[in-house]
Amino acid sequence: MTRAGGWLLAAGALTLPLWLQSPYHLHVAIMAGIFGVLAMSLNLLLGYTGQLSLGHAAFFGIGAYTSALLTLKLDWSFWPALAVAVALAALAGFFIGRLALKLRGAYFVLVTISFAGVISLVSINWIELTNGPLGLPGVPAPALGPWSFRTKTAYYYLVLAACGLSYLVCRRLVMSRIGRALVALRENEPLAESVGVDVTHYLVLAAVVSAAMAGLGGSLYAHYTRFVSPEVFLFTYTVTMVIMVVAGGKGTLAGPVVGATLFTVLPEALRAAASWQWQMLAYGVLLVLLVFFLPRGIVPWLARVMAGSQAPAEPDSPTIRR
Amino acid sequence: MLAVRDLAVRFGGVTALESVSFEVRPGSITSVIGPNGAGKTTAFNAITGYLRPTGGLVTYDGAPLTGLRPSAIARRGIVRTFQKTSVFPALSVEDNVLTGLHLRGTAGFFAVLAGGRRLTAEERALSSQARAVIDFVGLGHRRREAASALPYGEQRLVELAVALAAKPRVLLLDEPGAGMTGSEKAVVSGLIRRVREQGLTVLLVEHDMRMVMGISDTVIVLNGGRVIAEGSPAAIQAHPEVIRAYLGASAGST
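## Concerning the pairing of strand β10 (residues 226–231) of chain B
Residue and element names in this part refer to chain B.
Link 1 in the chain: Examined bridge by bridge, strand β9 (residues 218–223) and β10 share 5 bridges and lie antiparallel to one another. The residue of β10 that forms the bridge with L222 is V227.
Link 2 in the chain: Between β9 and β10, which pair antiparallel and follow one another directly, the connecting turn spans 2 residues, one of which, G224, has a positive phi of 55°.

## Description of the interface of chain B and chain A
Link 1 in the chain: Chain B puts 34 residues into the contact, and the matching count from chain A is 27 residues.
Link 2 in the chain: Listing elements by their share of the side of chain B that touches chain A, those giving two or more residues are α2 (70–75), β6 (78–80), α3 (93–100), α4 (109–114) and α6 (152–165) of chain B.

## Brief notes about the domain arrangement of chain B
Residues and elements named next belong to chain B.
Link 1 in the chain: Examined at the domain level, chain B breaks down into domain 1 (1–77 + 170–254) and domain 2 (86–167).
Link 2 in the chain: The C-alpha-based centres of domain 1 and domain 2 are spaced at 27 Å.
Link 3 in the chain: Between domain 1 and domain 2, the contact holds 10 residues from the first and 9 residues from the second.
Link 4 in the chain: Of all elements in the fold, only α2 and α7 (182–197) reach the threshold of two or more residues within the side of domain 1 that touches domain 2.
Link 5 in the chain: Considered class by class, the residues forming the side of domain 1 that touches domain 2 number 6 nonpolar, 2 polar and 2 charged.

## Details of the sheet that holds β6(B)
All names here are of chain B.
Link 1 in the chain: On the basis of which strands lie adjacent, the open sheet formed by 6 strands has the order β6-β7-β8-β3-β9-β10 and mixed pairing. Edge positions in the sheet fall to β6 and β10, since each of these pairs with one other strand and no more. Direction aside, neighbouring strands of the sheet carry axes that sit 20° apart on average.
Link 2 in the chain: The sheet contacts of helix α1 (residues 40–47) involve β3 (29–33), β6, β7 (170–174), β8 (201–205) and β9, and relative to β7 the element is tilted by about 145°.
Link 3 in the chain: Seen against the sheet, α7 touches β3, β7 and β8 and runs at an angle of roughly 150° to β8.

## Overview of the nonpolar core
Link 1 in the chain: Residues A89(A), Y202(A), A206(A), V97(B), A161(B) and A165(B) are the most contacted members of the largest nonpolar core, which totals 172 residues.
Link 2 in the chain: Looking at this core element by element, the count peaks at 18 residues for helix α10 (residues 199–225) of chain A.
Link 3 in the chain: Domain assignment of the residues forming this core places at least three in each of domain 1 (1–77 + 170–254) and domain 2 (86–167) of chain B.
Link 4 in the chain: Aside from chain neighbours lying at most four places away, what touches A161(B) is V97(B), G100(B), V133(B), I134(B), V137(B) and L139(B).

Conventions used here
Residues numbered from 1 in each chain as written. Chains lettered and ligands numbered in written order. Predicted model: local features only at pLDDT ≥ 70, side-chain atom pairs only at ≥ 80, totals over all residues. Pairing = 2+ DSSP bridges. Helix = DSSP H or I, 4+ residues; strand = E, 2+ residues; numbered from the N terminus. Contact = placed C-beta atoms within 7 Å. Domains from an automatic or database assignment. Nonpolar A, V, L, I, M, F, W, Y, C, P; charged D, E, K, R; others polar. Axes fitted to C-alpha atoms, helices over the stretch in contact; angles between N-to-C directions. Core = buried A, V, L, I, M, F, W, Y, C linked by C-beta atoms within 7 Å. Buried ≥ 20, exposed ≤ 12 C-beta atoms within 10 Å, placed from the backbone.

This is how it looks when you write it as structure tokens:
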């Protein structure tokens, strides 16, 4: 049932450019894909280890700036720049993980916020490197051999591949003993430790993978919009990621993808339907309704509806891994 | 052998453990008893790394455990349960036990990402081990249910299963019978005996005297942060200091 649905979605995603001809629609799809990667990245920390990173835009921005700077200033091609962007974001994740996860909970949230703040200030003030608030225009489009990803259709497939890769990484991790260790830390940390789960190791691992994926999203974003400015560190990006994860269903594999799609498409659809003030109002009302009626998110709710129609009397257990 | 030497724990001005020394014979069931506040759970926490002792040393087969993290101590085969029910509430019984099997898996980050046949084989092996442990504690019919949905007594069995999954050489049980009905306690006692028959050493904190006297080889009595008596159940029951600690000074004549 869910597997068939998954294949159907994959087939739909693969053929999307065939039935979405308008470049604007493709643009929305590309942004949804980039945010899909970011939401999956955040979900790994928030959904599985239970740690809320409110500085996730920092890893996104590090990825974007690294990739842009390497291609602009050192004339690197896209692929090695992407690799270094991911690696650098992962490194930042490692240090934040080591530093902050000793504290956990609210302190982790504070450290991640401050980290994003500091990185943002650096990007604004280190003008020789980052061009300050003016940003870096002219980031080149990626190319693979003779093929360029300049067109929206090509870039869509690049982003789709990144999305697929991120999903696969999350899926493999979550369904393994590593994923069980992460969930164990979320569910009951002392008990997890008592059976040999090394807290620091697994939390840092989650932070590194999560940051690396956010870096991937950042690099893709930079080479798509072809422009990077300190705006990539805006708190709004982090909040958007959190909304996507929570609305879609944190701690589920499909949740962030669903959330990212919904909350990229929805504002665009509202933009066509209403004026700016009404847009934000409708967006807010919908968000409140979602949190109110589906506190666990869309995907767990769907899973329960489907399970309910097939086999009644399912106990009150959220779907954690399947 | 698990050995505790001059273990001391102080919280500010409060002395929870003054100087506690005892040894747990391999393959034995050893119980730690004592009035409330005697320091039993504190001793457990200090042995398993949840609390850094102020002084003293805990060793296992000669190697010091003091100062190690709980996960590192579990890796050396010393696994504990908790006084308050402690499961992974949202997970199914099976996933609870699979999590307990953490140390029995070997797949690291890159092996997991690469996938492949060895990983699948390991997962399958872990699943069957989990099933065996679940059947051992008698929860086969509950395998797919969320731990939080189980009645209290069965949650305690899940807890025991999680600890057993970690393949302990020494199993520390903190009041495994607390809050249980008589028949449930009998089940737990039977399980503890069977665990010992498999070669495990069991260290037990328990208030239920019938259970303690029924299954223990050795009983250690703590009072006021010190060991006041140690011996076989029969010797402990007749020990004047123990009677004084439990019943008060003038009751020694009975």
